[in-house]
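Commentary on secondary and tertiary structure
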Amino acid sequence: MLRTNIENPAYFHKVVDCQYACPAHTPVPEYIRLIAQRRYGDAYMINWVSNVFPGILGRTCDRPCEPACRRGRVEQSNAQDPEPVAICRLKRVAADMKEDVRARMPQVAPKNGKRVACVGAGPASLTVARDLAPLGYEVTVFDGEAKAGGFIRTQIPRFRLPESVIDEECGYILDLGVQFNSSQRIESMQALLGQGWDAVFVGCGAPRGRDLDLPGREEARANIHIGIDWLASVSFGHVTKIGQRVIVLGGGNTAMDCCRSARRLGGTDVKVIVRSGFDEMKASPWEKEDAAHEGIPIINFHVPRAFVHEGGKLVGMSFEIVQAQYDDKGRRKLVPTGAPDAFFECDDVLVAVGQENAFPWIERDCGIEFDEWGLPKLDKTSFQSTVPHVFFGGDAAFGPKNIITAVAHGHEAAVSIDKLLNGEEVSERPAPMTNLVSQKMGIHEWSYDNDIANDLRFKVPWAKAEKALASIKVEVELGFDAATAFKEAGRCLNCDVQTVFQESACIECDACVDICPMDCISFTDNGEEEGLRHRLKAPALNIAQDLYVSGGLKTGRVMVKDEDVCLHCGLCAERCPTGAWDMKKFLLKMTPAGPGARTPEAVQEVHA
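As the structure is a prediction and not an experimental result, all values here were calculated from the model.

This brings us to the side chain of Glu424. Checked against the element boundaries, Glu424 lands in the loop between helix H17 (403-420) and strand S17 (433-438). Among the polar contacts made by the side chain of Glu424, one reaches the main-chain amide nitrogen of Thr599 at a distance of 2.9 Å.

Printed below as a string of structure tokens:
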């Protein structure tokens, strides 16, 4: 294998697995250390730069960072059920315990004469506004609702996300001089383009819920509700009750929000029924756990057949019972078991079987091209449409995802808009900003806490069930207190503090090999990667994680380190008699819209 190029930002970025997995690339270990130091405002602002909505995401994020967390791979005491660091809940700690941070928000530059329209006031549009408004752009956000937030406000129940948190974090953005045209739904793209905007960003989400065209659908229409529409009606107070017997169809997070909301609005017999297996449901594991915690059963391998009604009144649903079969390529199909159809009585049905994009307001002759699935044809890096100054992001771009993905889209689209309006190619993307700084404070002392806590993941407290289930607005999760947050932060392995090896100083004494608690350092003959991985002191089996391979040593051998299970404890550097090992903190920040994202020539031209 070739010597690892640690000067390539992608290498150490991939070692910080949590940050690498986050679509917005939030520097997770950095803010967790700040929480441990009770520097909550600093931790919040690090989050705010990257993910824009720390308080919202600290309660509702899909947490792609947590399955990637190395703690879950090296945890020995609970190997059958690895427990990553509670990254999402620590993010909430920073938001809940911070001081007033309004004075730390960006200063707005003088207006530069460029006008940008954002369609929809969801997370993607608000991120574009947050990035462009401080640069002097005149940003106007249009939305059909009275308040900003998009589906954050309309589809996430208040028992998960209090409205005060939404108001606060949307307010930080609107206070940057963003013009918010509330209750103003855009009805025509051609009309919008005719208003002379320098750029248009479409972040209107995927506003249409899928329906089920089954026998009895029309006759029982009064008691069959599309999940996302019903949640919006609950959010705005238009719906305040539901029947006692409720069936929720679907296995995603929207279905979990529907069943838990129904439980609070009078449903005493609420059940979720899905066509797939329980493990194949799209809902996040913790969403399923929360539903189960509230006594809501999930019935799987049941395919809806019909809405059963008597004289137009819904009385129940019938289902075909199926099982999963897999072919030799692992592809699944559902086949009938031959058992009689199942029948469940119900008063109401909530249909949460998916969402789809709907752009009836975009005329098909305005120049924006769409694919066979009704999605705009976009450059996947710049988010630019076939009309060069029109960009898409969030669910409107590639279909329904989640909040943090919408934020990532917004950041990238803002870079594209800024480059376009400064005469640059939007396809030329800025490199991230990185540095690598030694953490030495002495021979055996580091500027970070390298004492790895053995604690299992701490549980977040919940409001008492009788109180939580009595109101749709009582927040269920109470969040960590300061003491628990400190202990949970201590579980972080500081994966951004890298073990950096200098082969010219190595005398091959193997002291680092002897002291490594994870057996992840080996000195061996070089070779092809597959063979090398299997002849290390402990085989490196996770091929998704790169090996750290040195150049040739005096004996002709190479040092090979398995990054997958490293604890970043620094014992190798403490034990090394020659200083061949050092602990260096790697920090990666994505380059935002602005001069730093432009080519030097363009920046000089602007200043001239």
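Once the structure has been displayed, the description carries forward.
Only one face of strand S13 (residues 342-345) is buried, namely the one carrying Ala342 and Phe344, since none of Phe343 and Glu345 on the opposite face is buried. Direction of pairing for strand S11 (residues 313-326) relative to S13: antiparallel, over a ladder of four bridges. For Phe319, the partnering residue across the bridge sits in S13 and is Ala342.

Among the structural elements, Glu574 can be located in helix H22 (residues 571-575). Despite its burial, Glu574 remains without a salt bridge, the nearest opposite charge being carried by Arg575 at 9.5 Å. A distance of 2.9 Å separates polar atoms of two side chains, one belonging to Glu574 and the other to Trp446. Here Asn450 takes part through its side chain, which lies 3.3 Å from a polar atom of the side chain of Glu574. Not counting residues within four places of it along the chain, the set of residues in contact with Glu574 comprises His444, Trp446, Asn450 and Cys569.

On average, residues of the chain score 94 in pLDDT, and 98% of them reach the 70 mark or higher. pLDDT under 50 marks residues 602-608. Its contacts with residues more than four places away, or in other chains, come to five contacts.

Despite not being glycine, Asp510 has its phi angle at roughly 70°, a positive value. Mapped onto the fold, Asp510 is located in the loop between strand S20 (497-501) and helix H20 (511-515). The exposure class of Asp510 is partly exposed, given its relative accessible area of 25%. Positive phi values are uncommon outside glycine, yet His568 reaches one of about 55°. Tracing the chain through its elements places His568 in the loop between strand S23 (558-562) and H22. Residue His568 is classed as buried on the basis of its relative accessible area, which comes to 0%.

Relative to each other, helix H3 (residues 28-36) and helix H4 (residues 40-51) sit at 165°, their axes nearing to 8 Å. As summarised for this structure, H3 and H4 are arranged roughly antiparallel, according to the angle between their axes. The interaxial crossing formed by H3 with H4 has left-handed handedness. On the side of H3, the interface is formed by Glu30, Tyr31, Leu34 and Ile35, while H4 contributes Tyr40, Asp42, Ala43, Ile46 and Asn47.

Let us look at the sheet that holds strand S1 (residues 115-119). With parallel pairing, five strands are arranged side by side in an open sheet as S3-S2-S1-S4-S16. On the outer flanks of this sheet lie strand S3 (179-181) and strand S16 (390-392), each paired with one strand and no other. Across this sheet, the average inter-strand angle for adjacent strands is 20°, counted without regard to direction. Pairing of strand S4 (residues 199-202) with S16, which is carried by three bridges, proceeds in the parallel orientation. If you follow Phe201 over to S16, its bridge partner there is Phe391.

A pair of packed helices is characterised by two quantities: the angle between their axes and the separation of those axes. Packing of helix H8 (residues 87-97) against helix H19 (residues 482-489) brings their axes to within 10 Å, and their N-to-C directions diverge by 140°. Relative to H19, H8 is oriented so that their crossing is left-handed. Contact residues: Leu90, Val93 and Met97 in H8; Ala482, Ala485, Glu488 and Ala489 in H19. Of the residues in the contact of H8 with H19, the class split is six nonpolar, no polar and one charged.

Turning to the packing of aromatic side chains, a few remarks are in order. All told, the structure shown has 11 aromatic pairs when counted by the stated rule. Relative to Trp197, the ring of Phe142 lies with its centre 5.9 Å away and its plane at 90°, an arrangement referred to as edge-to-face. Linking Phe142 in strand S2 (residues 138-142) with Trp197 in the loop between helix H12 (189-193) and S4, this pair joins segments that are 55 residues apart in sequence. Neither Phe142 nor Trp197 differs from the other in exposure class; each is buried. Seen in terms of ring centroids, Phe359 and Phe370 are 5.6 Å apart; in terms of plane orientation they differ by 45°. Their pairing is tilted. Of this pair, Phe359 sits in the loop between strand S15 (355-356) and S16 while Phe370 is found in the loop between S15 and S16, placing the two residues 11 residues apart along the sequence. We note that Phe359, like Phe370, is buried. An aromatic cluster is present here, built from Tyr11, Phe12, Tyr548 and Phe586 joined pairwise through their rings.

Before going further, it helps to examine the sheet that holds S17. Pairing in this open sheet of three strands is antiparallel, and the strands run S17-S24-S20 from one edge to the other. Unpaired on one side and paired on the other, S17 and S20 mark the two borders of the sheet. Here the strands of the sheet are splayed against their neighbours by 35° on average, with no regard to which way each runs. Strand direction decides the pairing type here: S17 and strand S24 (residues 581-589), joined by six bridges, are antiparallel.

What counts and how
Residues numbered from 1 in each chain as written. Predicted model: local features only at pLDDT ≥ 70, side-chain atom pairs only at ≥ 80, totals over all residues. Heavy atoms only, no water. Helix = DSSP H or I, 4+ residues; strand = E, 2+ residues; numbered from the N terminus. Polar contact = N/O pair within 3.5 Å; in protein donor to acceptor, adjacent residues only side chain to side chain. Buried < 20%, exposed > 50% of the residue type's maximum accessible area, 1.4 Å probe, protein only. Pairing = 2+ DSSP bridges. Lys, Arg positive; Asp, Glu negative; His and termini not counted. Salt bridge = Lys/Arg side-chain N within 4 Å of Asp/Glu carboxyl O. Contact = heavy atoms within 4.5 Å. pLDDT = per-residue confidence, 0-100. Axes fitted to C-alpha atoms, helices over the stretch in contact; angles between N-to-C directions. Parallel < 35°, antiparallel > 145°, perpendicular 65-115°, else oblique. Left-handed = near helix turned anticlockwise from the far one by under 90°. Nonpolar A, V, L, I, M, F, W, Y, C, P; charged D, E, K, R; others polar. Phe/Tyr/Trp six-rings, centres within 6.5 Å; stacked < 30°, edge-to-face > 60°.

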